[in-house]
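Single-letter residue listing:
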Amino acid sequence: MEKELENKINQEVKAILSEKRYMHSLGVMKKAEELAKKYGVDVAKARLVGIAHDMAKEMSKEEKLEYAEKNSLPVDSIEKVNVGLLHGKIAADICKKKYNFTESMCKAIEYHTTGNENMDLLAKIIFVADKIEENRSYKSLERQQELEEMRKMALENLDKTVLYLIDSSLTYTIQKKELIHPDSISTRNEIIIELFT
Ligand SMILES: [Fe+2]
Ligand SMILES: [Fe+2]
């Protein structure tokens, strides 16, 4: 039954997303499966979340705000400026209402953008898979090397990989003088507490 649902969502995602983002979604599905096997998480659920996680990414800014408003999704002060961040929350809401995804699956989709201090194993797997899937690559040699390291680290220590990925993204955000979502900071703090205290 889950396979049927996966095929349905796969077709839908293929129809609404650009080729590049569809390939990314397939890559996240594949990487999520690999990590789910490694960490003892339900593979079918991980694949479903992987293929669905960016289904709202290519909605326009106006469409995202309208969806949030119509479906009473809270929009915080950072999301008001960086409307793109809402694509996680919106996809989670669609998957809950349309496909009956479980709470854990919806949270994994919601949290893949900023992270969250309450991420469970599935959410961590999706957060990491999104950033290291096989189609990702960087022009900068330094970033590419970091990506290769993250791909190895993900199979050894998932929490540490989340921490490194957040640090890398924060560094980049600071360099660009962009807004940092507080959930990224609290995710980072929570993982440091779990890992080192
Ligand atoms: Fe995304
Ligand atoms: Fe993604």
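What comes next is a walk through the structure.

About the criteria used
- Residues numbered from 1 in each chain as written.
- Chains lettered and ligands numbered in written order.
- Predicted model: local features only at pLDDT ≥ 70, side-chain atom pairs only at ≥ 80, totals over all residues.
- Heavy atoms only, no water.
- Helix = DSSP H or I, 4+ residues; strand = E, 2+ residues; numbered from the N terminus.
- Rg over C-alpha atoms; globule rule 2.2 N^0.38 Å.
- Buried < 20%, exposed > 50% of the residue type's maximum accessible area, 1.4 Å probe, protein only.
- Contact = heavy atoms within 4.5 Å.
- Donors = N, O, S within 2.8 Å, 3.2 Å for Na, K, Ca; no water.
- Tetrahedral: all angles 85-135°; square planar, octahedral: opposite > 155°, others 65-115°.
- Disulfide = S-S within 2.5 Å.
- Axes fitted to C-alpha atoms, helices over the stretch in contact; angles between N-to-C directions.
- Parallel < 35°, antiparallel > 145°, perpendicular 65-115°, else oblique.
- Left-handed = near helix turned anticlockwise from the far one by under 90°.
- Nonpolar A, V, L, I, M, F, W, Y, C, P; charged D, E, K, R; others polar.
- Salt bridge = Lys/Arg side-chain N within 4 Å of Asp/Glu carboxyl O.
- Core = buried A, V, L, I, M, F, W, Y, C linked by side-chain atoms within 4.5 Å.

1. Thoughts on the overall build of the protein chain
If you tally the helices and strands in the protein chain, you get eleven helices and zero strands. Against the globule reference of 16 Å for 197 residues, the protein chain gives a C-alpha radius of gyration of 16 Å, in line with a compact fold. For the protein chain, the spread of C-alpha atoms along the principal axes amounts to about 40 × 35 × 35 Å. Within the protein chain, the fraction of its 197 residues that count as buried is 46%. The long-range share in the protein chain, meaning contacts at least 24 apart out of those at least 6 apart in sequence, stands at 62%.

2. Some points on the coordination of the iron ion (ligand 2)
The iron ion (ligand 2) binds to the protein through His24 (NE2), His53 (NE2), Asp54 (OD) and Asp130 (OD); the donor distances cover 2.1 to 2.2 Å. Around the iron ion (ligand 2), the four donor atoms sit at angles spanning 84 to 177°, and that spread fits a shape best called irregular. Counting the intervening residues between successive donors of the iron ion (ligand 2) yields the motif H-x28-H-D-x75-D. Between the iron ion (ligand 2) and the iron ion (ligand 1), a separation of 3.4 Å is found, and both are coordinated by Asp54. Of the two residues, His24 is situated in helix H2 (residues 19-39) and Asp130 in helix H8 (residues 121-132); the sequence distance between them amounts to 106 residues.

3. Some details on the coordination of the iron ion (ligand 1)
Distances from the iron ion (ligand 1) to its protein donors, namely Asp54 (OD), His87 (NE2) and His112 (NE2), fall within the range 2.1 Å. Mapped onto the polypeptide sequence, the residues donating to the iron ion (ligand 1) form the spacing pattern D-x32-H-x24-H. Taking the relative accessible area as the measure of exposure, His87 reaches 5% and is therefore buried.

4. A closer look at the state of the cysteines
For the structure on display, the rule yields zero disulfides. Of all cysteine sulfurs, the one in Cys106 lies closest to Cys95, which takes part in no disulfide; the gap is 6.5 Å. Judged by its relative accessible area of 0%, Cys95 falls in the buried class. The buried category is assigned to Cys106, whose relative accessible area is 9%.

5. Some details on the packing of H2 against H8
Contact pair H2 / H8: the axes reach a minimum separation of 8 Å and the direction vectors enclose 135°. It follows that H2 is oblique to H8 by the angle criterion. Judged by the sense of rotation from one axis to the other, the crossing of H2 with H8 is right-handed. Here His24, Val28, Lys31, Ala32, Leu35, Ala36 and Tyr39 of H2 come into contact with H8, specifically with Leu121, Ile125, Ile126, Val128, Ala129, Asp130 and Ile132. Among the residues making up the contact of H2 with H8, the classes are represented as eleven nonpolar, one polar and two charged.

6. Thoughts on the pattern of salt bridges
Throughout the structure, instances matching the rule amount to 20 salt bridges. The shortest N-O distance in the salt bridge between Glu34 and Lys31 comes to 3.0 Å. One end of the pair is Glu34 and the other is Lys31, both in helix H2 and three residues apart, which spans about a single turn. Accessibility expressed as a relative area gives 12% for Lys31, which makes it buried. For Asp93, the salt bridge identified is with Lys97, shortest N-O distance 2.8 Å. A residue pair is termed a helical-turn pair when its members lie 3 or 4 positions apart in one helix, as Asp93 and Lys97 do in helix H6 (residues 86-99) at four residues.

7. A few points about the nonpolar core
Core analysis: the biggest nonpolar cluster contains 54 residues, and Ile9, Val49, Met55, Phe101, Ile109, Leu122 and Val128 have the highest contact counts within it. The leading source of residues in this core is H8, at eight residues. Met55 has contacts with Ile9, Val13, Ile16, Leu17, Ala91, Ile94, Cys95 and Tyr99, leaving out every residue within four places of it along the chain.

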